[in-house]
Amino acid sequence: MGIGLAFIAVLGLIIFAYIGTDILGLDSLFAIVFPYAAVLIFIIGFIYRVVKWGKSPVPFRIPTTAGQQFSLPWIKYSKIDNPATGWGVALRMFFEIAFFRSLFRNTKAEILNGKLYIGSNKWLWLGAIAFHYSFLIILIRHLRFFVAQTPWCVSIIDSVDSFWQIGLPMLYMTDIIIAAALLYLLGRRIFNPQVKYISLPSDYFPLFLIIGIVTTGILMRYFARVDITSIKELALGLAYLKPTVPEGIGSLFYIHLFLVSVLFAYFPFSKLMHMGGVFLSPTRNLANNNRMKRHVNPWDYPVKHRHYEEYEDEFREKMKKAGIPVEKE
């Protein structure tokens, strides 16, 4: 049910963009209004979520730790997995954000011949890191559409990404990698019974949405003819707040742009916000220095305490009726 709803939703968006541009001729709506609205929603929603998370009180140190905690100077401890200093936390966050370290250490459990086996599971880490870095490189490559002169760093990335020159246009490695990674992540949710059981439409929808974006991008790059000059003219107009809609761009590009706009608008309200949330996660960004520093809950308030004798004096008769033993009759 979840995968069907998500697929129908994305297919409906594609049909909506096709009808709006190819049949109704609402090019300005899809080329100007929707992209600006999506970016505005993205910025406001992103800031709102980050500020809301930042205001959430964390009275205690609750880092997720592994390995030996810092205790005595001559005892070795895990400086990355169980950091006790700010520098250790920074190093831990760097490896987590740049290399998905916790996902790399992921394990899987399965029953074979009546016995439970726990082993390494690197395929999810490989698929995730391939997708994220390919997506990042593709975003950087697209910067050349929004500036009059392509920056040298973007040119270098473009050259490295297309060093496998197979015919014309040049084949980008990231196009192949991101397509394979997306198919793996989708297949994992469909064919893995445990993952399929907990998957919701909100898990499938961004996958299908990004698959639609990648597919339309690959079609424009290698199969369909599109006017790159007109597309760059449109992108420059959007970037410099002087939008114009050139003629002859084609509905395929508008479908691609509309799906990107939907992704931007959907981003702050979805699980994709882990991009910003990982920096604010108290299980990751706190040092485990509970043995060195006392952390007092700021919510504590004076509580009237009483001894057991006082408690028994108040409830002795009720305790006797309930069969609860008492110290004094």
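Owing to the predicted nature of the structure, the values given are computational and were not obtained by experimental measurement. (Residues numbered from 1 in each chain as written. Predicted model: local features only at pLDDT ≥ 70, side-chain atom pairs only at ≥ 80, totals over all residues. Heavy atoms only, no water.)

Colleague: An account of helix 11 (residues 251-266) is requested, with residue identities and associated values reported.
Modeller: An α-helix turns once every 3.6 residues. As a result, residues three or four positions apart point the same way. With 16 residues, helix 11 extends 22 Å between its outermost C-alpha atoms, agreeing within 8% with the 22 Å of an ideal straight helix rising 1.5 Å per residue. Turning to helix 11, its buried residues are S251, F253, Y254, I255, H256, L257, F258, L259, S261, V262 and L263. On its buried face, helix 11 sits against helix 1 (2-23), helix 2 (27-55), helix 5 (123-141), helix 9 (201-223) and helix 10 (228-239). (Helix = DSSP H or I, 4+ residues; strand = E, 2+ residues; numbered from the N terminus. Expected span 1.5 Å × (residues − 1). Buried < 20%, exposed > 50% of the residue type's maximum accessible area, 1.4 Å probe, protein only. Contact = heavy atoms within 4.5 Å.)

Colleague: Could you give an account of the nonpolar core, naming the residues involved and the relevant values?
Modeller: Residues L13, F131, L182, F205, L209, L234 and F253 are the most contacted members of the largest nonpolar core, which totals 43 residues. Of all elements in the fold, only helix 1, helix 2, helix 5, helix 7 (173-191), helix 9, helix 10 and helix 11 reach the threshold of two or more residues within this core. With 10 residues, helix 9 is the single largest residue contributor to this core. Those residues within four positions of F253 in sequence are excluded, and the remaining contacts are M220, I231 and L234. (Core = buried A, V, L, I, M, F, W, Y, C linked by side-chain atoms within 4.5 Å.)

Colleague: An account of the packing of aromatic side chains is requested, with residue identities and associated values reported.
Modeller: In this structure the tally under the stated criterion is 20 aromatic pairs. Ring centres 5.8 Å apart and planes at 80 degrees place the aromatic pair F94 and F99 in the edge-to-face group. Of the residues examined, F94 reaches a relative accessible area of 47% and is grouped as partly exposed. The exposure class of F99 is partly exposed, given its relative accessible area of 41%. An aromatic cluster is built from F16, F30, F34 and F258, whose rings are joined through pairwise contacts. (Phe/Tyr/Trp six-rings, centres within 6.5 Å; stacked < 30°, edge-to-face > 60°.)

Colleague: Got a sec to walk through the environment of P298? Specific residues and values, please.
Modeller: Tracing the chain through its elements places P298 in the loop between helix 12 (274-277) and helix 13 (308-321). We classify P298 as exposed; its relative accessible area is 62%.

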